[in-house]
Amino acid sequence: MSKSLLILTPNPDHPSHHGRWPYVLDAYREALAGIDAEVFDQPWSEPVTQDYDLIVPLVAWGYHNDPDGFRAAMARLAEDKRRVFNPPEIVAWNVDKRYLRDLAEAGVRIIPTLFVEQLTEDDLARARADFGDALVLKPVVSAGAKNTVVWRGDAALAGEADVEGKIAGPPEGPAMIQPFMESIQTEGEWSLLYFAGAFSHAVLKTPKSGDFRSQPDYDARLQLKWPPAEASDLAEAALDFIGRDRLLYARVDMVRDAEGRFCLMELELIEPDLYLTYDLEASMRFKDAVELAMHVGCKCHA
């Protein structure tokens, strides 16, 4: 008997996230072609009323627009004993970037970060004293560089612009302050991809000239690269903190500091772009991992 797989997609109440996600969903469907399962999809904001052998939040874009609602949706799946990979409790933890503190306390090197409940001039002054004049300001709940700005002195140097071309001011509410890592423009950001706990492939993402955003949406250059050993060591330390046998997929983003050491930027466990098109065999490795999760199961929800 054929099994069933549900992919969670954006909340339709957030039209700003309607643009590209259908193409991403199609890419996952294509990667999963031939799997012994029927693939379904529905918004993460709607109750799951059917029985599925596996649920994945891979296209749950826009969760940061309603983080409490998203966490509640994950909690319902856990309470209903749904088989969800990545597990609801890990996904909920990954919503708020203050998870980086947990990793740092466990000995995983992250970009030096000051977390604040509300940005003030005193916070900026303290961060400049510790990190230097060029700072990155971002909300603790965000995605795709949303509301992230590079700040120097009293002005934003780079970030998301409004319709008039004006760069946004500092984020409101709980935020994080980090030093601007110059290597993001000279080398780029490394993304290491893991499926079912095993390394699949890595991509080096270099922003276009004058920008700091490494997403393809902002015309960054992406290329398949074998990661340096130090990058792999950092990625595996982060995954070991979670328990790699509990993860169906993970993307580990990092950048070098001024001393050339890799520092973790993000541990993406909810709906990362898996960059399947950059490695001819990545789709097969992803498909095999999903199939394994469906037939063998995971430790979190049997």
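Residues numbered from 1 in each chain as written. Predicted model: local features only at pLDDT ≥ 70, side-chain atom pairs only at ≥ 80, totals over all residues. Heavy atoms only, no water.

Visitor: Explanation requested: the overall build of the protein chain in the structure shown.
Guide: Summing up its helical and strand segments, the protein chain has eight helices and 13 strands in all. Classification of the 302 residues of the protein chain by burial places 54% in the buried group. Within the protein chain, counting contacts between residues at least 6 apart in sequence, those at least 24 apart form 69% of the total. Surface summary for the protein chain: the accessible area is close to 13,700 Å², and the carbon and sulfur share equals 49%. (Helix = DSSP H or I, 4+ residues; strand = E, 2+ residues; numbered from the N terminus. Buried < 20%, exposed > 50% of the residue type's maximum accessible area, 1.4 Å probe, protein only. Contact = heavy atoms within 4.5 Å. Areas by Shrake-Rupley, 256 points an atom, 1.4 Å probe, with all protein chains shown as cover.)

Visitor: What exactly am I supposed to notice about the nonpolar core here?
Guide: Nonpolar side chains in soluble globular proteins tend to be buried together. Phe-70, Met-254 and Leu-267 are the most contacted members of the largest nonpolar core, which has 45 residues in total. The contact partners of Leu-267, leaving out residues within four places of it in the chain, are Asn-94, Tyr-99, Leu-103, Ala-238, Leu-239, Ile-242, Arg-251 and Val-252. (Core = buried A, V, L, I, M, F, W, Y, C linked by side-chain atoms within 4.5 Å.)

Visitor: Help me understand helix α1 (residues 21-31), please; the structure alone is not making it clear to me.
Guide: Along an α-helix, residues three or four positions apart point the same way, because every turn accommodates 3.6 residues. Turning to α1, its buried residues are Trp-21, Val-24, Leu-25, Tyr-28 and Ala-31. With its buried residues spanning 120 degrees around the axis, α1 presents them on a single face. Of the exposed residues in α1, the ones pointing more than 90 degrees away from its buried face are Tyr-23 and Glu-30. (Arc of directions from axis to C-beta.)

Visitor: Help me out: how do you make sense of the environment of Asp-233 in this one?
Guide: Note that Asp-233 resides in helix α7 (residues 229-242). Here Asp-233 falls in the exposed class, since its relative accessible area comes to 53%. Each C-alpha atom of the pair Asp-233 and Phe-262 lies 9.4 Å from the other, and the pair is 29 residues apart in sequence.

Visitor: Please clarify how the pairing of strand β10 (residues 198-206) should be interpreted in this entry.
Guide: Each regular strand shows side chains that alternate between the opposite faces of the sheet. Along β10, seven of the nine residues are buried, which leaves the element largely enclosed by surrounding structure. The pairing of strand β9 (residues 189-195) with β10 spans seven bridges and is classified as antiparallel. Counterpart to Glu-189 in the pairing with β10 is Lys-205. Here β9 hands over to β10 after two residues, with Ala-196 in that stretch at a positive phi of 55 degrees. Across four bridges, β10 lies against strand β11 (residues 221-224) in antiparallel orientation. Bridging from a neighbouring strand, Lys-205 pairs with Leu-222 of β11. (Pairing = 2+ DSSP bridges.)

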